[in-house]
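Fold and geometry: a report
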Amino acid sequence: MTHERYNPQAIEEKWQARWQAENAFACSDASDKPKYYVLEMFPYPSGNIHMGHVRNYAIGDVVARSRRMQGYNVLHPMGWDAFGLPAENAAIKHHTHPAAWTYDNIANMRAQLKRLGYSYDWAREIATCRPEYYRWEQTFFLRLLEKGLVYRKKAPQNWCPSCHTVLANEQVIDGLCWRCDSRVVQKDLTQWFLKITAYGDELLENLQKLEGGWPERVLAMQRNWIGKSTGAAVAFALEKPVEGAASLEVFTTRPDTLFGVTFMTLAPEHPLVEKLIAGQPQADQVRAFVERIRNMDRLDRQSETLEKEGVFTGAYALHPFTGARVPLWLGNFVLADYGTGAVMGVPAHDQRDFEFARKYGLPVKVVICPKGEDLQAEGLCEAFTGEGVMTASGPFDGLPNVEGKAAVAAALEKEGKGRATTQFRLRDWNISRQRYWGAPIPVVYCEQCGVVPEKEENLPVLLPMDVKIREDGRSPLPETPAFAQCRCPRCGGPARRETDTMDTFVESSWYFARYTSARNTAAPFDPAALSYWLPVDQYIGGVEHAILHLLYSRFFTKVLRDLGFFPAGLDEPFAKLLTQGMVLKDGGKMSKSKGNVVAPSEMIAKYGADTVRLFCLFAAPAERDFDWSDSGIEGASRFIGRVWRLFMEERERLLPLKACEATARDAQTQETRDLRRREHLTVKKAGEDMGERFQCNTAIAAVMELVNAMYLAREKMGRSEGERRVFSSAMATVLTLLAPITPHVCEELWERLGHADALAGQAWPQWDAAATAQDMVTVALQVNGKLRGTVQAPAGADKAALEQAALADPAVQRHTAGLTIRKVVVVPGKLVNIVAN
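Rules of the game
- Residues numbered from 1 in each chain as written.
- Predicted model: local features only at pLDDT ≥ 70, side-chain atom pairs only at ≥ 80, totals over all residues.
- Heavy atoms only, no water.
- Salt bridge = Lys/Arg side-chain N within 4 Å of Asp/Glu carboxyl O.
- Helix = DSSP H or I, 4+ residues; strand = E, 2+ residues; numbered from the N terminus.
- Buried < 20%, exposed > 50% of the residue type's maximum accessible area, 1.4 Å probe, protein only.
- Contact = heavy atoms within 4.5 Å.
- Domains from an automatic or database assignment.
- Buried area = accessible area lost by both parts, 1.4 Å probe.
- Polar contact = N/O pair within 3.5 Å; in protein donor to acceptor, adjacent residues only side chain to side chain.
- Axes fitted to C-alpha atoms, helices over the stretch in contact; angles between N-to-C directions.
- Parallel < 35°, antiparallel > 145°, perpendicular 65-115°, else oblique.
- Nonpolar A, V, L, I, M, F, W, Y, C, P; charged D, E, K, R; others polar.
- UniProt positions renumbered as here; feature names shortened; annotations may be inferred.
- Expected span 1.5 Å × (residues − 1).
- Arc of directions from axis to C-beta.

Topic: the pattern of salt bridges
Under the criterion given, the structure shown has 49 salt bridges. When the shortest N-O distance is used, the salt bridge between Asp284 and Arg287 registers 3.0 Å. In this pair, Asp284 and Arg287 are both assigned in helix α9 (residues 283-294), three residues apart and thus about one turn of the helix distant. Residue Asp284 is classed as exposed on the basis of its relative accessible area, which comes to 61%. Overall, Arg287 belongs to the partly exposed group, its relative accessible area being 34%. The partner of Lys308 in a salt bridge is Glu355, with the nearest N and O atoms 3.7 Å apart. In this pair, Lys308 is assigned in the loop between α10 (298-302) and β13 (310-318) and Glu355 in helix α11 (residues 351-360), connecting sequence segments 47 residues apart. Several salt bridges share partner residues, and in doing so they unite Glu4, Lys14, Arg18, Glu748, Glu751 and Arg752 into one network.

Quick look at the side chain of Thr499
Along the chain, Thr499 falls in the loop between β24 (494-497) and β25 (501-502). The class for Thr499 is buried, based on a relative accessible area of 13%. Not counting residues within four places of it along the chain, the set of residues in contact with Thr499 comprises Ser475, Leu477, Pro478, Phe483 and Ala484.

Observations regarding the domain arrangement of the protein
Structurally, the protein comprises domain 1 (8-128 + 510-594), domain 2 (138-195 + 428-504), domain 3 (228-424), domain 4 (651-772) and domain 5 (776-836). Computed from C-alpha atoms alone, the centre-to-centre distance between domain 1 and domain 4 is 32 Å. Taken together, the contact between domain 1 and domain 4 spans 21 residues of the former and 20 residues of the latter. Summed over both sides, the interface between domain 1 and domain 4 buries roughly 1800 Å², with carbon and sulfur atoms accounting for 65% of that surface. When the area that domain 1 buries against domain 4 is broken down by residue, the three leading residues are Trp15, Val62 and Met69, summing to 37%. When the shortest N-O distance is used, the salt bridge between Glu748 and Lys14 registers 2.9 Å. Connecting domain 1 to domain 4 are seven residue pairs in polar contact (both at pLDDT 80 or more). Elements that contribute at least two residues to the side of domain 1 that touches domain 4 include exactly α1 (8-22) and α2 (51-69).

Considering the packing of helix α7 (residues 216-226) against helix α17 (residues 548-562)
With their axes 11 Å apart at the nearest point, α7 and α17 run at an angle of 70° to one another. Accordingly, the angle class assigned to the pair α7 and α17 is roughly perpendicular. Between α7, through Val218, Gln222, Trp225 and Ile226, and α17, the contact on the second element is made entirely by Leu550, Leu551 and Arg554. Grouping the constituent residues of the contact of α7 with α17 by class yields five nonpolar, one polar and one charged.

As for the UniProt feature "domain: Aminoacyl-tRNA synthetase class Ia" (unreviewed entry) in the protein
When the UniProt feature table is mapped to this numbering, "domain: Aminoacyl-tRNA synthetase class Ia" (unreviewed entry) covers residues 14-211 and 426-628. In the segment residues 14-211, helix accounts for 39% and strand for 21%; the C-alpha atoms at its two ends are 43 Å apart. The span residues 426-628 is 26% helical and 17% strand by assignment, and the distance between its end C-alpha atoms comes to 38 Å.

Considerations on helix α12 (residues 401-414)
Counting along an α-helix, one turn takes 3.6 residues, and residues three or four places apart therefore face a common direction. Over its 14 residues, α12 extends 19 Å from the first C-alpha to the last, a length consistent with the 20 Å expected when each residue adds 1.5 Å. Turning to α12, its buried residues are Asn401, Gly404, Val408, Ala409, Ala411 and Leu412. Projected down its long axis, α12 carries its buried residues within an arc of 160°, all on one side. Across α12 from its buried face, at more than 90 degrees, point the exposed residues Ala406 and Lys414.

Below is the structure:
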């Protein structure tokens, strides 16, 4: 008998058209169901989705579809991270406008995502490059400016000469631009900064709330990046004050070593350097050192293996307690934007300072000794950094150094020369970008009024579309009079508009909230919708965003809360985080340069979307990388084919039942009881694995075992009403459990099974503990601890029955012949051991 062949293209197009016509995955803020917000990190519209996208969004779609079936009101939106350098650079390369490039790509990628059957509420779609989106970002900027959380300053910045723009510290990876891999240099610029450091303590403390919901390595990466240190700020008076400064402040985590200071080291970029070297004979030597070091890789300058280099400025400071002269050096290992840009040198108790002092012949002074020992500077081969007792430290001699930290800090404060304080590694976020394709910063510069914020009623400040894009990548905005020249909102006089645009990470720091009321034109958010949906229950994306996007989104959540845009109790944006692994090919990341890219569109055309989804979910646990293989996707295709064939070949046997609908009364034979037991065990396994652990691979494997069991059972099962019901129930369970993974083929077969209601709207099946109990168990038979055979026994058989069965077994009788049975040990359901001699 021939049966209709599985045609994925026709089936998938049919169901996608139906879902779109019925707006099947729209959700409402008004529902009596519990809410569930699942979100995958939205894509940059590059032109085509890649396999990494397919896997990420397939995981999210399984969560969304299964949660709907479990009775939740699910929000599952999609949008586009559409501003930024990549779009602009690609547009330049293709000789087109970034807007045309971006919107064409969005249209193409939207069609690709729909072709994969993801269950998005497309009515909530956003694109960050649209004025109706970024106008609210400009509103936030103005409110932050009012609160003093946005400021402008001139300082050395990370500059990418290829992208023609500055980069935040987090966007410099191993000294290279995170986008184009060009070597980053330092450049003095006046830029706009968001004061993320004002939230350093809360960003650090709230990580505790995320424990158990976020991967520990992401939490550790954020703790390290925030980098809170406790210590003291110490003021060293300058021997010869310079214009604007009479002292230098340093931060130290070791105030207990203050009496061991023999020099100070400043960052080459420190703003006082030029004033300190003025008139000094070594001024030119110092300037050459500054020029060379400032363009070094920042991470190299912080490395433990860096060869320490320095130069003496010729200037001195005075020790706050002793008044001793302290020479001021510059060092390649000190950064201007970390702490105060100056550190005190304690070579006897800091290895870096020890190496520096030995190299340049600077004094080493021991001020902490192990208890009961007397360390001498001449005998030191390395710095002593352990705990001990303070010595050569004036009034603090004899004090345990751990206690000495607080005591020295208190003495500094009493004399007005310092204070106990904390410091963060975290630096304020530079959001100025010298490129065109971004959200305009809503301020103007007026000769009469200075820096003037745009009025909120004039927002949005529109990014002009009629500009000529420069081939070298530099922004055309400064040379576009219609944009750059404007009137001052305060005095009405001529003014110049800010021509820097915002870092694209600003847009992605609050997009998750805009989805809750994406079409609101009166406000960025509807308060009731925000309160209902946030925080995101499950967020899914790559671990590479651990510092950039995830930290910025946490910061924005706290800022928008404090500005009154978010509910007062909303402290964190994402309750749970899953960082999915990459899709590799031949052991490496897919890339055009390696020639190992597997195009999703080609795989869909060959196998269908369901097969592509199935393979991406079956190949490995969600958080692990996996290597794409042709044999793997062929296997996924064969499995869907097996399910299709089983249905078609047994179509006459099937009844329109739902998952787990067959009862114990239906299962009257051993075959039907075994199949029903396998069905319920599969529901238990798949539900647990897909529910909290998102281990779709093991859930799929369990369903595969159920399908195998059905193939075997059909050969032994007849066509009685009970047998048909058990088989049909198992088939309904297969389709229901696979529905979040391979939704198209499952909907098709569900409809053919005789159901009028869509499978996507069915309740998740409930397994019955009684159904999973075994009828018969295999009991091991031992004689004097050695296995001599097995016996089948009812699962609930008592000790007496098992003992009787064991003693009657021919193998046991053979091995106990001529012996006296001394004892019979019975472990119900497992073994019987005959002790005889």
